[in-house]
Amino acid sequence: MQERVAIVGIGSTAFRSISPDVSFREMTYEAAVKAYADAGVEPKDVDTFVCVSEDYMEGTAIFDEYVPDQIGAALRPVHTIAGDGLTGIAAAFLQLQTGEFDIAVVEGHSKASNVRHLSHIEAFALDPVMTRPLALNPRFVAGLEMRRYLQESGASEEDAAAVVVKNRENALKNPLAAYPGRFCAHHVMSSPAVAEPLKKMDVAAPADGAIVVVLARECVARRLVEQPVYIQGIGWAQDTPDLDMRDWSRATYAQLATAMACRMAKIKDPSREVDFAEIDDAFSYKELQHLEAVMLAAPGQAAAMLRDGYFDADGEIPVNVSGGSLGNGFLYDAAALRATAEAVTQLRGLAGGRQVKGAETCLVQSWRGIPTAAGAVAILSNH
Amino acid sequence: MGYKNRVAVIGAGLTKFMRRAQETGKELCFEAARLALDSAGLEMKDIDCVAMATAPDAFDGVHMKGEYLADGAGGFRKPYMRSYVGGGSGVFAINHGWYHVASGHFDACLVVAEEKMSPVMPHPQAAFNAIYDQIMERPLGVNLLWIFALEMNRYMQVHGISQETIALVSVKNKKNGLDHPCAQAGIPGNYTVKEVVDSEIMVWPVTRLMVSPVSDAAGALVLVSERLARRLTDKPVWIEGVGWHLDTSYWTNRDLYYPKYVEYAARMAYRMAGITDPKTEIHVAEIYDPFAYKELHHMEGLLLADKGEAPKLLEKGVTQRDGALPVCPSGGLMGVGNPIAASGVMKLAEIYWQLRGEAGARQVSRPVRRGLAQAWGDLMQVGTVAILGV
Amino acid sequence: MSVNIKEWPGVPLKDRDIQSGKALTTRWQVKADYAWDTGMAMGTFLTGLKEGKILARQCDKCGRTVVPPRMFCEWCFRPTDRWVEVKDTGRVNTFSVSYVLWDATRVEKPTVPVVVEIDGCSPGVGFMHILADVGTTLEAILAKVKVGMAVKAVWKPAAERTGAITDIIHFVPREG
């Protein structure tokens, strides 16, 4: 029987459209200080550190060089995972389960505001021979997928717009969020087209911010904090990077990650055992597609359930009560850490005005963004 | 001493090291992975997870290149993760794979390391410009070689080491590389100390024959749990210890003469392996040699030689293939090539083959039961170490 | 098994295969431009450079005075305590002589990169810059430049400074 892994501390900056007063180091230092205080540990107590980042989002080759100082990890075991924040958590989880490490830290941040041509960087992830030479705005990938998903699921553009409305409204209760607001579907539907049927308001706007998470093996976690939040299961998967080979309607990577996480957590049907979820919504329709992939909605049913209020803040299974990426701002690889920190806050009963009543088990799901088919899923609980 | 769920290496594969490969990065991954799987007698369906290591995305010219390479590396519909610690990535790859299997959650992990440096124009070296601090350093017209030359000079000055002595590393490794089937064309050879010292000055004290070349290649390893190892092979090579440490990014506030981060990484691995006297308990070492002086610098960091003593061991022939502590019997990066992340796996594969007695013409003379592979990376910052044993 | 593998994969190409079009190629130039937030530490430092000053931060716990400045001490993991103006002189910690540019092209007249330990900072603390007025041949440079040698910064005229590390044109040997 494997000893469990728990999250014992979280620290986050606010998420902002720009953050000109702080360098990435200073921004991350703030999140780290908060996380260590929350966990009641100092950096010297930590055995291993994992940072997530991508060179081209930082404008630095081998960005790993610049990660240790601001998290107190200089001359310590640190490594970078070029993956999303939840994959970083998986790396820490695996290390703790080897039995060689007691306490681990995961860090992620976004300084998207410092990238002057984000669409060019996103386009740089496209296949250099087959796709990039088309010289399209890379969001076309989301446009193609949205059209196919809507067709196969029977969901409508209005349903996707309803996701935007829900999440940005939810963000009004999140003091960290960058883009809270009260909108109606009409606003979304009449926003300028990006890559039809994708419209401007369907796309989560980027934001800056940093999040640090402290994890520990269960016996250590119990000593450190009153309320550890356990990782009952975690999974991650890669589908195909090839756009030509893809199933354009299904988020297969999320299905595979969910299967792995549920197997580990011994959960057969997430829709029965999960109380709330933080689901990637980098694009509005993705929330619907991902909800079906993680089995919180039957295939083709997510939109109807959304319409019924099932996923509202006061619904059966609140989804993105934090505001998601649409409401908080899209933090790229750090988005998943933002979602994880929200899950922890909720499971500790500390989410104030946006607290999910009786929250015991949360499903957190991440996607690495265009043009990848990569993501992870974690199932967290407070018992 | 020891860790819970033992992990073994049961297969290894490499592509040729080339200045310019026809293969795409994905194809290089596939070829190395296929060879590794074949040598382990396994297929992709037997693999539970994939640990990929590849260094700057700028080389292949793809942002998020981990995802781009995934299908070539067997990551299709599998748990696939990419680690990235600069030049240290190739040996970190096995540490990364180790914690997958040692966690108890996976039985078989495919470790793949790839680098395709040739796509960058006008020259791959240009992509390294961005490793430096954007405010303090890039505006100075800096190039990659500066920081190595600054470190090499500091090391030479502190210990009174000559260029001629350092050139012995180039001589040894380029000669050793003649026996490596994957060595890059034009890289191995029989050189004299004079030829090395008199070769074109790049950034003094670094001369052309003291620098490893730019390369395209991939390497792969198959890691399995003890349970599977016992079923699949009669000579598993156990991972006895792993270690890694990253120093502060403020490299101009550190004394470059000694790589503390390599020492700390080594100590982490030695502790796990129960090694108390590395000089006698390590029988063969593949030490990271992107520049000739680095083999000596790192040898001291690994506690295989006292500070300032590595040159003396080199001069005495201790680190030759027929010496008491052979170093880089493969030919190292100086003798085989330097496709950043794949170099580390080349070194791990060498230790694997040496421990199994399968290194052919490169087999060291002394009996070997325990070997070490080490890589370095970032701004004179990261040490990654793995200790293998039979 | 190294001895058992007969065929090692890989097809090497030559540069002329690409230049002559024998190997088909596709080219792309990525627009990778960044505007990095300098934040408190580096923002203040750069403002100091514009004013002809080198500013450092001090940590009372470990007692270090450090440059490049940082708002937190990476060893003590606490905020640093104050700004200190340090000197624009120092000593050579290490140096080299570069005959190649960033894109690997060769040059006749070398550049001398140097790490300068800045006077007023803790021992061994400084930053990288360029050394000038030390000769143009390798022999002359090696005769002149020594580890431990005293150097001083040469600044751009005030009107030309922009708040960049290049507000210091280079360092030169300092007599006395």
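Residues numbered from 1 in each chain as written. Chains lettered and ligands numbered in written order. Predicted model: local features only at pLDDT ≥ 70, side-chain atom pairs only at ≥ 80, totals over all residues.

**Examining the overall build of chain A**
Moving on, step 1. Each helix and strand counted, chain A has 14 helices and 11 strands in total.
Moving on, step 2. The C-alpha radius of gyration computed for chain A amounts to 19 Å, which stays within 12% of the reference 21 Å derived for 383 residues, consistent with globular compactness.
Moving on, step 3. Dimensions of chain A along its principal axes, counting C-alpha atoms only, are 50 × 45 × 35 Å.
Moving on, step 4. When the 383 residues of chain A are sorted by exposure, 68% land in the buried category. (Helix = DSSP H or I, 4+ residues; strand = E, 2+ residues; numbered from the N terminus. Rg over C-alpha atoms; globule rule 2.2 N^0.38 Å. Buried ≥ 20, exposed ≤ 12 C-beta atoms within 10 Å, placed from the backbone.)

**A few points about the overall build of chain C**
Moving on, step 1. On a plain count of helices and strands, chain C comes out with three helices and 11 strands.
Moving on, step 2. For chain C, the succession of helices and strands along the chain, N to C, is α-α-β-β-β-β-β-β-β-β-β-α-β-β.
Moving on, step 3. Here chain C has a C-alpha radius of gyration of 23 Å; the compact-globule value for 176 residues is 16 Å, and the former is much larger.
Moving on, step 4. Seen through its C-alpha atoms, chain C measures out along the principal axes to roughly 65 × 45 × 45 Å.
Moving on, step 5. In chain C, which comprises 176 residues, the share counted as buried stands at 36%.
Moving on, step 6. Here the contacts in chain C between residues at least 6 apart in sequence split such that 50% fall between residues at least 24 apart. (Contact = placed C-beta atoms within 7 Å.)

**Some points on the pairing of strand 10 (residues 150–155) of chain C**
Residue and element names in this part refer to chain C.
Moving on, step 1. Sheet topology note: the strand 6 (residues 89–95)/strand 10 ladder contains three bridges and is antiparallel. Across the sheet, residue T89 finds its bridge partner in strand 10, namely K152.
Moving on, step 2. As paired strands, strand 10 and strand 11 (residues 168–173) are joined by five bridges and run antiparallel to one another. Counterpart to V151 in the pairing with strand 11 is P173. (Pairing = 2+ DSSP bridges.)

**Section: helix 9 (residues 260–273) of chain B**
Residue and element names in this part refer to chain B.
Moving on, step 1. An ideal rise of 1.5 Å per residue puts 20 Å on 14 residues; helix 9 measures up with 20 Å between its terminal C-alpha atoms.
Moving on, step 2. Summarising burial for helix 9: 11 of the 14 residues are buried, a large majority.
Moving on, step 3. Listed in full, the buried residues belonging to helix 9 are Y261, V262, E263, Y264, A265, A266, M268, A269, Y270, M272 and A273.
Moving on, step 4. Against the buried residues of helix 9 lie strand 8 (237–246), helix 10 (278–281), helix 11 (292–301), strand 10 (370–377) and strand 11 (382–389).
Moving on, step 5. Within two residues after helix 9, G274 carries a phi angle of roughly 70 degrees, on the positive side. (Expected span 1.5 Å × (residues − 1).)

**Some details on the packing of helix 6 (residues 163–176) of chain B against helix 11 of chain B**
Geometry of a packed helix pair, given as the angle between the helix axes and the separation of the axes.
All names here are of chain B.
Moving on, step 1. As a packed pair, helix 6 and helix 11 sit with axes 7 Å apart at the nearest point and diverge in direction by 100 degrees. The orientation of helix 6 with respect to helix 11, classified from their angle, is roughly perpendicular. In this structure, helix 6 contributes I166, A167, V169 and S170 to the contact, and helix 11 contributes A292, Y293, E295 and L296.
Moving on, step 2. By residue class, the composition of the contact of helix 6 with helix 11 is six nonpolar, one polar and one charged. (Axes fitted to C-alpha atoms, helices over the stretch in contact; angles between N-to-C directions. Parallel < 35°, antiparallel > 145°, perpendicular 65-115°, else oblique. Nonpolar A, V, L, I, M, F, W, Y, C, P; charged D, E, K, R; others polar.)

**Comments concerning the sheet that holds strand 2 (residues 65–66) of chain C**
All names here are of chain C.
Moving on, step 1. Ordered by their spatial adjacency, three strands build an open sheet running 2-1-5, and the pairing between neighbours is antiparallel. Across the chains shown, the open sheet's two edge strands, defined by having one partner strand only, are strand 2 and strand 5 (82–86).
Moving on, step 2. Sheet topology places strand 1 (residues 54–58) next to strand 2; two bridges connect them, and they run antiparallel. Across the sheet, Q58 pairs through a bridge with T65, a residue of strand 2.
Moving on, step 3. Sheet strands in contact with helix 2 (residues 39–50) are strand 1 and strand 5, and its direction is about 145 degrees off that of strand 1.

**With respect to the interface of chain C and chain A**
Moving on, step 1. At the interface, 20 residues of chain C touch 28 residues of chain A.
Moving on, step 2. Per-element accounting of the side of chain C that touches chain A gives the leading share, four residues, to helix 2 of chain C.

**Let's talk about the interface of chain B and chain A**
Moving on, step 1. Taken together, the 53 residues of chain B in the interface contact 49 residues of chain A.
Moving on, step 2. Class assignment of the residues belonging to the side of chain B that touches chain A gives a composition of 28 nonpolar, 15 polar and 10 charged.
Moving on, step 3. Strand direction decides the pairing type here: strand 3 (residues 78–81) of chain A and strand 3 (residues 80–84) of chain B, joined by two bridges, are antiparallel. In the strand pairing of strand 3 of chain B, T80 of chain A is matched with Y84 of chain B.

**Quick look at the domain arrangement of chain A**
Residues and elements named next belong to chain A.
Moving on, step 1. Under the domain assignment, chain A is made up of domain 1 (5–116 + 207–224) and domain 2 (126–205 + 230–381).
Moving on, step 2. Taking only C-alpha atoms, the centre of domain 1 and the centre of domain 2 are 23 Å apart.
Moving on, step 3. The interface is formed by 31 residues belonging to domain 1 together with 28 residues belonging to domain 2.
Moving on, step 4. Those elements giving two or more residues to the side of domain 1 that touches domain 2 turn out to be strand 1 (5–12), helix 3 (85–97), strand 4 (103–111) and strand 7 (208–217).
Moving on, step 5. Residue contributions to the side of domain 1 that touches domain 2 peak at six residues, all from helix 3.
Moving on, step 6. Among the residues forming the side of domain 1 that touches domain 2, the class breakdown is 18 nonpolar, 10 polar and three charged. (Domains from an automatic or database assignment.)

**Side note on the packing of helix 3 of chain A against helix 14 (residues 335–347) of chain A**
Residues and elements named next belong to chain A.
Moving on, step 1. With their axes 6 Å apart at the nearest point, helix 3 and helix 14 run at an angle of 70 degrees to one another. Comparing their axes, helix 14 and helix 3 come out roughly perpendicular. Contact residues: G85, L86 and I89 in helix 3; A335, A336, L337 and T340 in helix 14.
Moving on, step 2. Split by residue class, the contact of helix 3 with helix 14 holds five nonpolar, two polar and no charged.

**Structural notes on helix 4 (residues 89–102) of chain B**
Residues and elements named next belong to chain B.
Moving on, step 1. Here helix 4 contains 14 residues, and its C-alpha end-to-end distance of 19 Å stays within 8% of the 20 Å for a straight helix at 1.5 Å per residue.
Moving on, step 2. Taking burial as the measure, the 14 residues of helix 4 include 14 buried ones, the bulk of the element.
Moving on, step 3. Immediately downstream of helix 4, the backbone of G104 shows phi near 90 degrees, a positive value.

**Comments concerning the nonpolar core**
Moving on, step 1. In terms of nonpolar packing, the biggest core is built from 352 residues, with V213 and L215 of chain A together with V112 and L221 of chain B touching the most fellow members.
Moving on, step 2. Examining the composition of this core, we find that 11 residues originate from one element, helix 14 (residues 340–355) of chain B, more than from any other.
Moving on, step 3. Looking at which domains feed residues into this core, each of domain 1 (5–116 + 207–224) and domain 2 (126–205 + 230–381) of chain A supplies at least three.
Moving on, step 4. Setting aside anything within four residues of it in sequence, one finds V213 of chain A in contact with I7, I10, A35, I89, V106, L337, T340 and A341 of chain A. (Core = buried A, V, L, I, M, F, W, Y, C linked by C-beta atoms within 7 Å.)

**Some points on the pairing of strand 2 (residues 48–52) of chain A**
All names here are of chain A.
Moving on, step 1. For strand 2, the buried fraction is high: five of the five residues fall into the buried class.
Moving on, step 2. Neither face of strand 2 is exposed, since T48, V50 and V52 on one face and F49 and C51 on the opposite face are all buried.
Moving on, step 3. For strand 2 and strand 3, the ladder comprises four bridges, and the chain directions are parallel. Within strand 3, the position partnered with V52 by the bridge is I81.

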